[in-house]
Amino acid sequence: MWKREEAPRPPQPVVPPTAPPPPVVHQSTTPRVESVQPAQQEKAIVNIGKSVIIKGELSGSEDLTIEGQVEGKIELRQNVLTIGPNAKIKAQVLARAVVVEGTVQGNIAASEKIEIRDKGSVEGDLSSPRVAIADGAHFRGSIDMQQAKGSEKHEAKPAASNAAPSTPAPSQPTAVPAPVSVAR
Amino acid sequence: MAGLFGWGARKPEEAPAPERPLETTSTSVVLPRFLSAVAPRASPVILDLGPAVGTNVTFLGERLACKLLIGDLLHEVQTIKADAPDDLRAALMSRLERTVTSPLDGVLCWDVFDYLNRATAQVVAAFLVQHLQPGGVVHGYFAAAAGDIDRCARYVIQGPSTLTCRYESVPPRRRGVLSTRDLATIFAGTTVMESVLLKTQRREILIRKG
């Protein structure tokens, strides 16, 4: 059966839109997709259970859910960290996104988002472009969201400040107004 | 028959008292002035003396791109007994010293000063003025009439000039009243820029340093 299909394949490029070959192709591709998805899901679900206590530095490159206790440092720069309702964290946290449902004592920095859900508790400093605190959540500390708009401001500032000291670019002969704005 | 089922036992006096609203929304005249005073400042730092409110964090973060310090002094007010003012003062100052790590461009007091006696209010105000940058502003509600407080408000910024108060019960305590002269004294070195008397017997005030 396979030999028969292999034989007509060379002429396939000549007649691609024919109906009969596609079912064979579908049969071979669909299982591939199904086999990839569960693997990704398995990767996504990684838990540290209630009874686990970690003291030290925890780092990784996949999403993580913590239900136990961690003291020290947690670093998942490219991934999502979920601190479950039973978790007690005394650590500095670095991640792409952090979801807090439990208790955290320590500073949290996220490149994307920090979310403190109701019944979540954080005492420490938050640094992220987006911070969401639900009603019922407890938080004490500072929140630095300057990365989001701050980047826009910083983009604008160097344009003005750099224009004055550096030699004006040939495309910016109109940089004359810049010293005026600096003088103000 | 009526007595058997207890119908007759009902008296008009037992009708429950009308419940006070758990939430009120009002317009603020002073808050827009506060925002416009802070907005032009580069990377402003704002101290919120009230509890963390997600809506406020989002609003202030998006509108001002500021660094927000959450003091949550009401936590100390609620946990320390009203008859221990010295303990309260010490706890509040300890909390403020840990929270305020950089010069301030704005302070949102809300109604925290209503919960403080004069001596404590003076110490807290002096601390705020000391850490406020020149041109920095303080927004707050101050009681205009004496009375008891039996519930505290959580202020939610709905818009530049719209605030919602969400109330929750607290152990009753005496409300601290600060007159305009008192405010000038305890916030020495500042000027009252705006003072609006509200129907709720309170004044909404904007204070500016320098």
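(A) Region of the structure containing the overall build of chain B. Helix and strand counts for chain B come out as 7 helices and 9 strands. Overall size of chain B, expressed as C-alpha extent along the three principal axes, is 75 × 35 × 30 Å. For chain B, the proportion of its 210 residues judged to be buried stands at 39%. Counting contacts in chain B only where the partners sit at least 6 residues apart, residues at least 24 apart contribute 68% of the total.

(B) Quick peek at the environment of P40 of chain B. All names here are of chain B. With respect to the helices and strands, the residue P40 is situated in the loop between α2 (30–38) and β2 (45–48). A tally of 10 C-beta atoms within 10 Å means that P40 is categorised as exposed. Distance from P40 to T24, taken between C-alpha atoms, is 31 Å for residues 16 residues apart in sequence.

(C) The pairing of strand β11 (residues 138–144) of chain A, seen in detail. β11 of chain A sits mainly inside the fold: 6 of its 7 residues count as buried. As paired strands, strand β8 (residues 121–123) of chain A and β11 of chain A are joined by 3 bridges and run parallel to one another. Within β11 of chain A, the position partnered with S121 of chain A by the bridge is H138 of chain A. With 2 bridges joining them, strand β9 (residues 126–127) of chain A and β11 of chain A adopt parallel strand pairing. Each residue of the ladder has a partner; that of L126 of chain A, found in β11 of chain A, is I143 of chain A. Pairing of β11 of chain A with strand β3 (residues 67–70) of chain B, which is carried by 4 bridges, proceeds in the antiparallel orientation. Each residue of the ladder has a partner; that of G141 of chain A, found in β3 of chain B, is I70 of chain B.

(D) Local environment of the environment of I143 of chain A. Along the polypeptide, I143 of chain A turns up in strand β11. Distance from I143 of chain A to P129 of chain A, taken between C-alpha atoms, is 9.7 Å for residues 14 residues apart in sequence. What I143 of chain A contacts, discounting residues up to four positions off in sequence, is L126 and V131 of chain A together with V57, G61, L68 and I70 of chain B.

(E) Spatial organisation of helix α3 (residues 54–64) of chain B. For α3 of chain B, the complete set of buried residues consists of N56, V57, L60, G61 and L64 of chain B. Along the axis of α3 of chain B, the buried positions cluster into a sector of 120 degrees, meaning they face one direction only. Looking at the packing, one finds that the buried side of α3 of chain B touches β10 (131–133) and β11 of chain A together with α2, β2, β3 and β6 (148–159) of chain B. Taken from the residues just after α3 of chain B, A65 of chain B is the one with a positive phi, measuring 50 degrees.

(F) Representation of the interface of chain B and chain A. Contacts between chain B and chain A engage 13 residues on the former and 17 residues on the latter. Of the residues that constitute the side of chain B that touches chain A, the class distribution is 7 nonpolar, 4 polar and 2 charged.

(G) Quick look at the pairing of strand β5 (residues 132–143) of chain B. All names here are of chain B. Where strand β4 (residues 104–110) lies against β5, 5 bridges are found, and the strand directions are parallel. Residue pairing across strands places G106 opposite V137, the latter belonging to β5. Handedness of the crossover joining β4 and β5 through helix α6 (residues 118–131) is recorded here as right-handed.

(H) Expanded view of the sheet that holds strand β1 (residues 23–27) of chain B. All names here are of chain B. With antiparallel pairing, the 3 strands of this open sheet are ordered in space as β1-β7-β6. Each edge of the open sheet is held by one strand with a lone partner, namely β1 and β6. Neighbouring strand axes in the sheet, compared pairwise and without regard to direction, differ in orientation by 35 degrees on average. By the bridge criterion, 10 bridges tie β6 to strand β7 (residues 162–174) in an arrangement that is antiparallel. Each residue of the ladder has a partner; that of I157, found in β7, is L163.

Parameters and conventions
- Residues numbered from 1 in each chain as written.
- Chains lettered and ligands numbered in written order.
- Predicted model: local features only at pLDDT ≥ 70, side-chain atom pairs only at ≥ 80, totals over all residues.
- Helix = DSSP H or I, 4+ residues; strand = E, 2+ residues; numbered from the N terminus.
- Buried ≥ 20, exposed ≤ 12 C-beta atoms within 10 Å, placed from the backbone.
- Contact = placed C-beta atoms within 7 Å.
- Pairing = 2+ DSSP bridges.
- Arc of directions from axis to C-beta.
- Nonpolar A, V, L, I, M, F, W, Y, C, P; charged D, E, K, R; others polar.
- Right-handed = clockwise from strand over helix to strand, strands pointing away.
- Axes fitted to C-alpha atoms, helices over the stretch in contact; angles between N-to-C directions.

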